[in-house]
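What follows is the residue order along each chain.
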Amino acid sequence: MNPVARSEGVDPAVLQGQLFDLWSRKELEVLRLQAVSGFSQLLDPLVGLLTMLENCPGIQKGKSSTLGQFILTEFVRWRRSHPQVTLKELTDEEKQRLQLSALSLIIASQPGYMDPLLDIYELGTLETSHLLEHVTYLQSIGGYREAALLSMKVELQKELDMEQICVPLILLDKLPLAESYVRDHPELQKRLVRLLDSWCIPDFNLEELRRQYPLLSLSKHQTDQIQPKLLSRHVFRLMEKFSVDPSLCVNSVHKRKQDSLKFLMYKRFREKSMTEENWRDHVQVTVEGNVELQVLLVDLLVHYSELQVAAQWAKHYNVPRDRLRTGVWDTMQSLSSKQLEVNESSCPLEPWDTTQSHKLQYYQLSLARENIHFLQTLDQLQLCRETVLKPGCVVGVDMEWRAGFGTVSTQRVALIQLAVEGQVFLLDLCAHSLSHHSLTVQFIRTLLTDKNVLKLGYGTSGDFRSLVATWPELKEEPLAVKGMLDLLHVHQQLQRCWRGGSRSRSVEVSEGSPEKGLSLLVQQVLGKPLDKTEQLSNWERRPLRTGQLRYAAADAYCLLDVYLTLSKDPKAFGLPEDLCSISSSQPAKSDQEKKFKDKKKQSTSPRARQSSHGPAGDNQECVKGNGERQATTVAPHELRVVCDNMLQGLGRFLRCLGVDVLILENTDDHKVAAELARTEGRIILTSGQPYQSLRSQVAEGRCLTLDCSEKARDQAVHVLKHFHVHLTPSDIFSRCQACNNNEYLKVSREDMTEMLNKRGLLQDNSDLHNTQVPEGWRSPDAQTFNPHCRWASRSVLDPETFRFRGGAEIQLETVPPGLLPRIPEYFICTGCGKVFWEGTHYDRVLSQFQEVLHLSDGEVSSQP
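About the cut-offs
Residues numbered from 1 in each chain as written. Predicted model: local features only at pLDDT ≥ 70, side-chain atom pairs only at ≥ 80, totals over all residues. Heavy atoms only, no water. Helix = DSSP H or I, 4+ residues; strand = E, 2+ residues; numbered from the N terminus. Contact = heavy atoms within 4.5 Å. Salt bridge = Lys/Arg side-chain N within 4 Å of Asp/Glu carboxyl O. Buried < 20%, exposed > 50% of the residue type's maximum accessible area, 1.4 Å probe, protein only. Axes fitted to C-alpha atoms, helices over the stretch in contact; angles between N-to-C directions. Parallel < 35°, antiparallel > 145°, perpendicular 65-115°, else oblique. Left-handed = near helix turned anticlockwise from the far one by under 90°. Nonpolar A, V, L, I, M, F, W, Y, C, P; charged D, E, K, R; others polar. Pairing = 2+ DSSP bridges. Expected span 1.5 Å × (residues − 1). Polar contact = N/O pair within 3.5 Å; in protein donor to acceptor, adjacent residues only side chain to side chain. pLDDT = per-residue confidence, 0-100. Core = buried A, V, L, I, M, F, W, Y, C linked by side-chain atoms within 4.5 Å.

### With respect to the environment of Leu126
Of note, Leu126 is situated in the loop between α6 (114–120) and α7 (128–140). Sequence separation between Leu126 and Leu100 is 26 residues; the distance between their C-alpha atoms is 8.4 Å. Setting aside residues up to four positions removed in sequence, Leu126 forms contacts with Gln96, Gln99, Leu100, Leu103 and Leu131.

### A short note on the pattern of salt bridges
Scanning the entire structure with this criterion turns up 41 salt bridges. Between Arg25 and Glu27 there is a salt bridge, with the nearest N and O atoms lying 3.0 Å from each other. When its relative accessible area of 40% is taken as the criterion, Arg25 is described as partly exposed. Using a relative accessible area of 22% as the deciding quantity, one classes Glu27 as partly exposed. One salt bridge connects Arg678 with Glu675, and the closest N-O pair in it is separated by 2.9 Å.

### Here we look at the packing of helix α1 (residues 12–24) against helix α4 (residues 67–80)
Relative orientation of the contacting elements α1 and α4 amounts to 115°, with a least axis distance of 11 Å. Judged on the interaxial angle alone, α4 and α1 are roughly perpendicular. Classified by chirality, the crossing of α4 by α1 is right-handed. Contact residues: α1 offers Gln16, Leu19, Phe20 and Trp23, while α4 offers Leu67, Phe70 and Ile71. Broken down by class, the residue content of the contact of α1 with α4 amounts to 6 nonpolar, 1 polar and no charged.

### Side note on the sheet that holds strand β18 (residues 835–836)
Strand order in the open sheet made by the 4 strands is β16-β15-β17-β18, with mixed pairing throughout. Each edge of the open sheet is held by one strand with a lone partner, namely β16 (790–791) and β18. Across 2 bridges, the pairing between strand β17 (residues 825–829) and β18 is antiparallel. The residue bridging Phe827 from the neighbouring strand is Phe836, located in β18.

### Looking at the sheet that holds strand β14 (residues 703–705)
Sheet architecture is open: 4 strands sit in the order β12-β11-β13-β14, paired in parallel fashion. The two strands at the open ends of the sheet, each matched to only one other strand, are β12 (660–663) and β14. Each strand axis lies, on average, 25° off the axis of its neighbour in the sheet, ignoring direction. Sheet topology note: the strand β11 (residues 640–643)/β12 ladder contains 4 bridges and is parallel. Within β12, the residue paired with Val641 across the bridge is Val661. Against the sheet, helix α30 (residues 648–656) makes contact with β11, β12 and β13 (683–686), and its axis sits at roughly 155° relative to β12, the strand it touches most.

### Considerations on α1
Here α1 contains 13 residues, and its C-alpha end-to-end distance of 18 Å stays within 8% of the 18 Å for a straight helix at 1.5 Å per residue. Measuring from the backbone nitrogen of Ala13 back to the side-chain oxygen at the start of α1 gives 3.0 Å, which picks out Asp11 as the cap.

### Some details on the confidence of the model for the protein chain
Confidence along the protein chain averages 83 in pLDDT terms, with 85% of residues attaining 70 or more. Here residues 856–864 scores under 50 on pLDDT; set against residues more than four positions off or in separate chains, the count is 6 contacts.

### A closer look at the nonpolar core
Ranked by size, the top nonpolar core spans 84 residues in total, and within it Leu117 and Tyr121 carry the most contacts. Looking at this core, the element that brings in the most residues is helix α9 (residues 162–171), giving 7 residues. The residues touching Tyr121, leaving out its near neighbours within four places in the chain, are Leu46, Leu49, Leu50, Leu87, Leu98, Gln99 and Ala102. By size, the runner-up hydrophobic cluster in this structure holds 41 residues, among which are Leu426, Leu544, Tyr557 and Ile582.

### Quick word on the side chain of Ser435
Locating Ser435 in the fold gives a position in helix α22 (residues 432–435). A relative accessible area of 5% means that Ser435 is categorised as buried. Among the polar contacts listed, one links the side chain of Ser435 to the backbone oxygen of Leu429, at a separation of 3.2 Å. If sequence neighbours within four positions are ignored, Ser435 has contacts with Leu429 and Trp471.

### Some remarks on the packing of helix α15 (residues 250–270) against helix α16 (residues 276–287)
Describing two packed helices takes the angle between their axes plus the distance from one axis to the other. Viewed as axis vectors pointing N to C, α15 and α16 meet at an angle of 170°, and their least axial separation amounts to 10 Å. Judged by the angle between their axes, α15 and α16 are roughly antiparallel. Of the residues in α16, those in contact with Lys257, Ser260, Leu261, Leu264, Met265, Arg268 and Phe269 of α15 are Glu276, Trp279, His282, Val283, Thr286 and Val287.

### Quick notes on α4
Residues spaced three or four apart along an α-helix point in a common direction, a consequence of the helix completing one turn every 3.6 residues. Relative to the 20 Å expected for 14 residues at 1.5 Å per residue, α4 spans 20 Å between its end C-alpha atoms, a close match to the ideal helical length. For α4, every residue scored as buried is listed here: Leu67, Gly68, Gln69, Phe70, Ile71, Leu72, Glu74, Phe75, Trp78 and Arg79. On the buried face of α4, the contacting elements are α1, α2 (28–41), α3 (45–54) and α6.

Given below as structure tokens:
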């Protein structure tokens, strides 16, 4: 089928009609060849392309792409071999006419047009007035996302009203796109953060704001995201990301301090896990200089404590009478001046040895006070250095910093604890002569990078973040941590073994256990939990109290006790002989664990998580400036993710590359992603405001947010790099893009012909022999498609109904009969019945992901 050619070239309207006919019949390979041939016959390809695009339909229900997108993609590829097709030979008037026509095609109903048209027609060189006019037009028809993207790509941010662009994006749950819009524009970043902060007031009226954008139609989920609690989280995140002065965000800072006060009340009077001195210290810092917070403090004390305590603090801050709750003023009048004083005197000297009841209830540090060394000088540090840097030494490492109630930035380390057998060293980083000296920094760097010294920690990522905030030089020259064993990973393995019932235990592991984290591990291994009363104390006060010294030393020394206990008989705990071989990755679940989950939840056990263990050895990890560590590589099928419904395109791309992907439907709530992540051990991929709530529902590192302004292909590359996925040609199309199944039935040309005949889908068999192989098509001899998947036997298919055992029927109607002479083998998904065959799409994916593709020597030589 050749386009009707005129003496002056092909009629683009006729060519478009023929391409539409092939598109409707889903003859994509023939369509591709026809398009390339037609482009070469156009008298003026740039004019002809616009004519074809103007007549293309928009998004059709049930289709993920449009004919216009297909034509543009093929035109861009064709243009690479025809570099003479440019605007250079046109007059200014002709060039502008084409550019304005191309600009008018960038609308919401035609996704995918923007980037190719910007490139082909050099739209960035148009007069600013024309570009601004089109951005205004896009907003007037509700194309808020397109308006923002176009503004970013042609750099119009300084010419536009930031609020007019960003407010609709935020309401539509596209805050990451708004963040991208203000990138590299500090003044706009401040305005965006202040805008969000202005919405954090209790009486913020969302409906009044929505009336300013009548074309916006918000879902319940989108509406639920506009509330002070969630917005203030974004404000603090962006405040740190953009280095915005907290004084510009009074509403969010005030709300965080309000929440901090309520948390402190709960810890002190309900949970009773905070001492009076620690509580008082944090309360005073939180409400200092803020009358509203001081009034709230008194109100909360009436609720949580008693009137006398409330009266004492009301007197302490001179809270006005008209702001006091009923009974507080009367209580103040009935008490003497002495009784109204807030007791700020220090606690009496506390003995080092704990009480008998404490010994019965909590883990005890088995060291005398003289074996706890508090280091404040370089001479004292030298003794520590000589002790802990001995080859073969085992060192428990922990760090403490002041709890950052109401603060923005990452807290700086106040104390570093280093525990070795028989003694603990406490490095005082509040001592200026020690913390700011290069020898101190060098010592810690040497310790963390020495593979001959085994360091023990628990959840070390937070420690590293605070350490980098304390010493910025660690960010400039990142640490390459070696010889570090994070007992959090050992604990996770231990929990999996115990939940699977592989050994008996005296400590019950349950969802509602009062202990958690390191305290739970100590309880499970050593029999008693840690006393965490001093955890939230003021670690910057000097001198430290005896209770603080004892807690700091115990927090580091217990790591040694746990490690030594587990090392003596690791098999008894269901652990491997070499504890250092346990990495942060999740091994496959045992059959016993699956049975445990079946019994507990009375449901089908999810598929086990695949192992992504790296090689054992030095257990080397590279710590970047933000505390992130590089892991060993994993195969695509070992990465199991769930894509939020805003990233469906990314999900299809990842499936194409062999990643195990579940994709939420448009009607699914975001919490479905969290449930799937927990029950099936998947990592959440999301974008926008749901990230904050989803991240809090899964373990650390199990939720990744993507930039929604990026193309799905670029998002896929980011995911592969982030999780260190080792992608090979055999992984491509190893999984069905439609249903995520990774099992195929291989069918020969003869068998496919027989099935099509039985279904009556071959009307004229003579066509099978007369069809010529188009130029550029892969010959069967050159076939290299060998996916890394599971192969089904022919017995899984009913030869009469063409249905698989799972119920899926082969989609024979999707196989163009014209392919039979050219394609020797077909691959049928046993999960949904979709039929695949090798074509140029395979080469295109290879090309798209060349930068992250790993090829063997043989594969390199076979690639075009």
